[in-house]
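Chain by chain, the residues:
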Amino acid sequence: KFLAQWHIQATYFDVLPTKQVYADVRHVKFGLAMLVLEALDVVAFAIFRPRFRIAFVARAGYLCLLPAVTKLGRCVVACLWEMISVAVFLVGVVLFFAWIAVTIFKDLNQGNEGFDTFRHSLNSMFVAGVSDDFVGV
């Protein structure tokens, strides 16, 4: 199938004056690489009988070539920068308030459990910020 798609793209669609895409050549080459990988795995298994096989890599590659999975991957990549900006904001808030907590509680002899050093304060602020176990902090 991959070779047929590549042949059709190269023979009929690449020669048109307005270049059109029948099949993405990168996907075709990736599919062929997964096919070769799976064939090598079968040959290695038939000859050497290893305990570990790499057929799952080729099967995962085939799965990634499905149109729905490709579309989902594009959606995740589109949302990635927003998730990174929220994560950077969370890290900044945890660092800032851990520093504030150490500054406030550093002179207390008791009642500063979890806030006596910056490292412990950072852990306490992380637990309080991202989990439901903030009562134990």
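Further up the page is the structure itself.
To keep things clear, this report deals only with the structure shown in the data block. (Residues numbered from 1 in each chain as written. Predicted model: local features only at pLDDT ≥ 70, side-chain atom pairs only at ≥ 80, totals over all residues. Heavy atoms only, no water.)

## Section: the packing of helix α2 (residues 25-48) against helix α3 (residues 55-64)
It is the contact of α2 with α3, at a shortest axis distance of 8 Å, that shows an interaxial angle of 160 degrees. As the angle between them shows, α2 and α3 are arranged roughly antiparallel. When the axes of α2 and α3 are compared, the crossing they make is left-handed. Within the contact between the two elements, α2 uses Phe 30, Gly 31, Met 34, Leu 35, Leu 37, Glu 38 and Asp 41 and α3 uses Ala 55, Val 57, Ala 58, Arg 59, Gly 61 and Tyr 62. Of the residues contributing to the contact of α2 with α3, the split by class is eight nonpolar, two polar and three charged. (Axes fitted to C-alpha atoms, helices over the stretch in contact; angles between N-to-C directions. Helix = DSSP H or I, 4+ residues; strand = E, 2+ residues; numbered from the N terminus. Parallel < 35°, antiparallel > 145°, perpendicular 65-115°, else oblique. Left-handed = near helix turned anticlockwise from the far one by under 90°. Contact = heavy atoms within 4.5 Å. Nonpolar A, V, L, I, M, F, W, Y, C, P; charged D, E, K, R; others polar.)

## Regarding the layout of surface pockets
For the largest pocket, the calculated volume is near 270 Å³. Residue lining of the largest pocket: 14 residues in total, with Gln 5, His 27, Leu 65, Leu 66 and Pro 67 positioned closest to the centre. The set of elements that each furnish at least two residues to the lining of the largest pocket consists of α1 (2-13), α2 and α4 (67-105). Looking at the lining of the largest pocket, the element that brings in the most residues is α4, giving four residues. (1 Å grid on protein atoms, 1.4 Å probe; cavity = no way out; pocket = protein on both sides within 12 Å on 5 of 7 lines; lining within 4 Å. Points joined across faces, edges and corners; volume = space filled by probe spheres on them.)

## As for the packing of α1 against α2
A pair of packed helices is captured by two measures, namely the crossing angle of their axes and the spacing between those axes. Close contact between α1 and α2 brings their axes to 9 Å; oriented N to C, the two are set at 155 degrees. Classified by the angle their axes make, α1 and α2 are roughly antiparallel. As for how α1 packs across α2, the hand of that crossing is left-handed. On α2, the residues touching Phe 2, Leu 3, Gln 5, Trp 6 and Gln 9 of α1 are Val 25, Val 28, Lys 29, Gly 31 and Leu 32.

## A few points about α2
An α-helix turns once every 3.6 residues. As a result, residues three or four positions apart point the same way. Here α2 is 24 residues long and its end C-alpha atoms lie 34 Å apart, about the 34 Å a rise of 1.5 Å per residue gives. Those residues of α2 hidden inside the fold are in contact with α1 and α3. Count one or two residues on from α2 and you reach Arg 49, which has phi positive near 50 degrees. (Expected span 1.5 Å × (residues − 1).)

## What about the packing of aromatic side chains?
Under the defined criterion, the tally for this structure stands at four aromatic pairs. Relative to Phe 56, the ring of Phe 52 has its centre 6.0 Å away and its plane inclined at 70 degrees; by these criteria the two rings are edge-to-face. Residues Phe 96 and Phe 97 carry aromatic rings whose centres are separated by 5.1 Å and whose planes lie at 75 degrees to one another, so their mutual orientation is edge-to-face. The exposure class assigned to Phe 96 is partly exposed, which follows from its relative accessible area of 42%. For Phe 97, a relative accessible area of 41% gives the class partly exposed. Here the aromatic cluster, defined as three or more aromatic residues joined through ring pairs, consists of Phe 96, Phe 97 and Trp 99. Of note, Arg 49 hangs over the ring of Phe 45, and the distance from its end group to the ring centre comes to 4.8 Å. A cation over a ring is seen here: Arg 53 above Phe 45, with NZ or CZ 4.3 Å from the ring centre. (Phe/Tyr/Trp six-rings, centres within 6.5 Å; stacked < 30°, edge-to-face > 60°. Buried < 20%, exposed > 50% of the residue type's maximum accessible area, 1.4 Å probe, protein only. Lys NZ or Arg CZ within 6 Å of the ring centre and 35° of its normal.)

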